[in-house]
Amino acid sequence: PSWTFLFHRAAPTEIRHLSPHCSLPISSAPTLRRVEAEAMRATNESGVSRNGDIANMLSNGELRRRVELPRAGTYRVRIFAGATQAGDEPARMVLAVDGRPVESFEVLQRELAIYEKVVQLDGGSPRIGLRFVNDYFDPKHPDPKRRDRNLLVDWCEVVGPPDEIGRASCRERV
């Protein structure tokens, strides 16, 4: 069967799916909540340089911010991050929710990339934290590009939950 996609004018992010048989569920696109890293609070403000759109974490610490969620559900957390490398291991970033570690990521490159994790979150305003956990500095390393490991964060998104509005008849859709 062929699909027709209609965009609802009152809510541009909502997509209504129609089939010739009018029996498929109507669903809305999940809500995206983006927090720019430079707007996040740091546990170690002296260890964060906020230049332009990027928060450069110069030493171990956490960027955090509360995010308003409508209810408990499945959410996708995305982080746009990169790192400068030094020492024998890659930079590590930990995603935390309300102070509890949820996932650890190896940030392997300076170029920003998306790191994501699907998590179950309670509704309300959980605190999302991005931790830099393995700072390294060796001012005498022979390669100047390998002397300092830092974490670079541009933004963090929380997407979801996916909503089921329910089933509608053909008459309700017209």
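Shown above is the structure to which this text applies.
It should be emphasised that the depicted structure is a prediction, and the values quoted were computed from it without experimental measurement.

Criteria and cut-off values
Residues numbered from 1 in each chain as written. Predicted model: local features only at pLDDT ≥ 70, side-chain atom pairs only at ≥ 80, totals over all residues. Heavy atoms only, no water. Phe/Tyr/Trp six-rings, centres within 6.5 Å; stacked < 30°, edge-to-face > 60°. Helix = DSSP H or I, 4+ residues; strand = E, 2+ residues; numbered from the N terminus. Buried < 20%, exposed > 50% of the residue type's maximum accessible area, 1.4 Å probe, protein only. Lys NZ or Arg CZ within 6 Å of the ring centre and 35° of its normal. Salt bridge = Lys/Arg side-chain N within 4 Å of Asp/Glu carboxyl O. Pairing = 2+ DSSP bridges. Core = buried A, V, L, I, M, F, W, Y, C linked by side-chain atoms within 4.5 Å. Polar contact = N/O pair within 3.5 Å; in protein donor to acceptor, adjacent residues only side chain to side chain. Contact = heavy atoms within 4.5 Å.

Chemist: Please clarify how the packing of aromatic side chains should be interpreted in this entry.
Modeler: To describe a pair of aromatic rings, one takes the distance between the centres and the angle between the planes. Taken as a whole and judged by the stated rule, the model has two aromatic pairs. Their ring planes at 20° and their centres at 5.2 Å tell us that Phe80 and Trp155 sit as a pair that is stacked. With Phe80 in strand E9 (residues 73-84) and Trp155 in strand E15 (residues 148-159), this residue pair connects regions lying 75 residues apart in the sequence. Accessibility expressed as a relative area gives 22% for Phe80, which makes it partly exposed. In this structure, Arg34 packs its charged tip against the face of Trp155, placed 3.9 Å from the ring centre.

Chemist: I would appreciate a short explanation of the pattern of salt bridges in the present structure.
Modeler: Side chains that differ in sign of charge can pair as their charged atoms come close. Summed over all chains, the structure comprises eleven salt bridges. Here Arg78 makes a salt bridge to Glu157, at a shortest N to O gap of 3.3 Å. Residue Arg78 is located in strand E9, and its partner Glu157 is located in strand E15; the two are separated by 79 residues in the primary sequence. Its relative accessible area of 23% is what places Arg78 among the partly exposed residues. Residue Glu89 is joined to Arg92 by a salt bridge in which the shortest nitrogen-to-oxygen separation is 3.2 Å. Residue class for Glu89 comes out partly exposed when judged on its relative accessible area of 34%.

Chemist: Please clarify how the pairing of strand E7 (residues 54-57) should be interpreted in this entry.
Modeler: Side chains on a regular strand alternate between the two faces of the sheet. Bridge count between strand E6 (residues 48-51) and E7: four bridges; the pairing is antiparallel. Looking at the pairing, Asn51 lines up with Ile54 of E7. The loop that links E6 with its antiparallel partner E7 comprises two residues; one of these, Gly52, has a positive phi angle of about 65°. When E7 meets E15, the two strands line up antiparallel, connected through three bridges. Its bridge partner being in E15, Ala55 is matched across the sheet by Val153.

Chemist: I keep staring at the nonpolar core and nothing clicks. Help me out?
Modeler: Residues Leu63, Ile79, Met93, Val153 and Val158 are the most contacted members of the largest nonpolar core, which totals 31 residues. Elements supplying a minimum of two residues to this core: E7, E9, strand E10 (91-97), strand E11 (100-107), strand E12 (113-121), strand E13 (127-132) and E15.

Chemist: In this structure, what is going on with the side chain of Glu62? I would like to understand it.
Modeler: Mapping Glu62 onto the fold places it in strand E8 (residues 61-66). Overall, the relative accessible area of 7% leaves Glu62 in the buried class. Of note is the side chain of Glu62, whose polar atom sits 2.6 Å from the side chain of Arg131. Once residues lying within four places of it in the same chain are set aside, the contact partners of Glu62 are Arg41, Ala42, Thr43, Met57, Ala96, Arg127, Gly129, Leu130 and Arg131.

Chemist: When you look at the environment of Asn60 in this model, what are you seeing that I'm missing?
Modeler: Position of Asn60 among the secondary structure elements: in the loop between E7 and E8. The exposure class of Asn60 is partly exposed, given its relative accessible area of 38%. Not counting chain neighbours up to four residues away, the residues in contact with Asn60 comprise Asn44, Phe132, Val133, Asn134 and Asp135. Separated by 2.8 Å, the side chain of Asn60 and the backbone nitrogen of Asp135 make a polar contact.

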